[in-house]
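# Summary of the model geometry
Given next are the chains, with one letter for each unit.
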Amino acid sequence: ASAVTTYNKAVPGIVQTRASAGKHLLFVDQFTGFSTSDLGSDQIHPNEGGYEKMAVVWYTGIKSYLR
C-alpha cells in the first residue's frame, strides 16, 4: 500500500514536467475517491461499480477534448 501511495504521489509532478516540456498529456486521477468497496473479490481489480466510477472520472477528464 505504501508503494502505491508513493507512486501515485509522484505521477502528477511527472505529468506536469512533461506537459511543461510541450508533451500533450493529461492527468486523470483514478485513485482519489476510489475505495475498497469499489474492488472485486481479488481486492485488486475494480468491480462493476468501480469500473463505472472510473468511466465517469475519465469522461470528466477528457470531455472538453471531445468534439
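Preceding this paragraph is the structure being described.
The sections below set out a description of the structure shown in this document. Predicted model, so just to flag it, every value in this text is computed and none were measured.

### Quick word on the pattern of salt bridges
Going through the model one piece at a time under the given rule, you end up with one salt bridge. D38 is the partner of K53 in a salt bridge, and the nearest nitrogen-oxygen pair spans 2.8 Å. In this pair, K53 is assigned in helix α2 (residues 48–62) and D38 in the loop between α1 (2–20) and α2, connecting sequence segments 15 residues apart. We classify D38 as buried; its relative accessible area is 8%.

### Focus: unusual backbone geometry
Positive phi, normally seen in glycine, also occurs at Q43, with a value near 60 degrees. Tracing the sequence through the fold places Q43 in the loop between α1 and α2.

### Remarks on the layout of surface pockets
Each pocket or cavity is described by its volume, and for the largest pocket that value is around 490 Å³. In terms of residue count, the dominant contributor to the lining of the largest pocket is α1 (four residues). Here the lining of the largest pocket is built from residues that sort into 10 nonpolar, six polar and one charged.

Criteria and cut-off values
Residues numbered from 1 in each chain as written. Predicted model: local features only at pLDDT ≥ 70, side-chain atom pairs only at ≥ 80, totals over all residues. Heavy atoms only, no water. Salt bridge = Lys/Arg side-chain N within 4 Å of Asp/Glu carboxyl O. Helix = DSSP H or I, 4+ residues; strand = E, 2+ residues; numbered from the N terminus. Buried < 20%, exposed > 50% of the residue type's maximum accessible area, 1.4 Å probe, protein only. 1 Å grid on protein atoms, 1.4 Å probe; cavity = no way out; pocket = protein on both sides within 12 Å on 5 of 7 lines; lining within 4 Å. Points joined across faces, edges and corners; volume = space filled by probe spheres on them. Nonpolar A, V, L, I, M, F, W, Y, C, P; charged D, E, K, R; others polar.

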